[in-house]
Amino acid sequence: EMRISDWSSDVCSSDLGENGKGTGGSPMTTSPNQTHAQYLDLSERGVLEPRAGAKYLLNSRSSVNIGFGIHHQNIPTYNMLSRDALGRETNRNLPFARSQHWVLGYENMLTSSLRLKLEAYYQYHDQIGVTAFPSSFSMVNVGASFAPSDESSLVAKGTGTNQGIELTLERN
């Protein structure tokens, strides 16, 4: 039996009140102690995922925000159970792939029903499953071709980065 458990808790967070201000009239709101956790029975591994964020109200229609979080992802079960030439499940004990996310954003209510959101982000990934010898294979790319991979004997030494800007225009 394989079971993935996911747990989350908002240990301490504050939101803007009715007047658009935080506690004590401050335009700042934070969520410093959000913690998520995952546990995978198959590998008997678990991870904690701390996350924090802050939002500063510039005026009644716009704000800036900043956030940081650690996220994890397990390799697909098919890959975890892949066997090498000797029949060993060599990927079973790979750790969860880890990603650190940083976000800086700006939000503006252009009208009562139209919101503009601009966010810049940076992500650093490590503990990515790759082959022990130099190759182009990385678990980050598995699934892009919609074909399963049976790579075995992976090591968690792959790294990578993503960065970009997202622009959202949303009508309620």
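Residues numbered from 1 in each chain as written. Predicted model: local features only at pLDDT ≥ 70, side-chain atom pairs only at ≥ 80, totals over all residues. Heavy atoms only, no water.

Student: Hey, could you run me through the overall build of the protein chain in this one?
Tutor: A count of helices and strands for the protein chain gives 1 helix and 8 strands. Starting at the N terminus and ending at the C terminus, the protein chain contains elements arranged as β-β-β-β-β-α-β-β-β. Counting the 172 residues in the protein chain, one finds 31% classified as buried. Across the protein chain, contacts joining residues at least 24 apart in sequence account for 61% of those joining residues at least 6 apart. Surface summary for the protein chain: the accessible area is close to 10900 Å², and the carbon and sulfur share equals 53%. (Helix = DSSP H or I, 4+ residues; strand = E, 2+ residues; numbered from the N terminus. Buried < 20%, exposed > 50% of the residue type's maximum accessible area, 1.4 Å probe, protein only. Contact = heavy atoms within 4.5 Å. Areas by Shrake-Rupley, 256 points an atom, 1.4 Å probe, with all protein chains shown as cover.)

Student: What am I meant to see in unusual backbone geometry here?
Tutor: Glycine aside, negative phi is the norm for most residues, and most peptide bonds take the trans geometry. Of note in the backbone geometry, E44 takes a positive phi value of approximately 55° without being a glycine. As for its position among the elements, E44 is in the loop between β3 (34–40) and β4 (45–57). The class for E44 is exposed, based on a relative accessible area of 63%. At S153, a position not held by glycine, the phi torsion is positive, near 55°. Mapped onto the elements, S153 comes out in the loop between β7 (114–131) and β8 (154–171).

Student: What is the right way to read the confidence of the model for the protein chain from this model?
Tutor: It should be kept in mind that the predicted coordinates are not to be read in detail where pLDDT is low. Model confidence for the protein chain is summarised by a mean pLDDT of 85, while 84% of its residues fall at 70 or above. Within the model, the stretch residues 10–23 combines pLDDT values under 50 with 22 contacts to residues more than four positions away or in other chains. (pLDDT = per-residue confidence, 0-100.)

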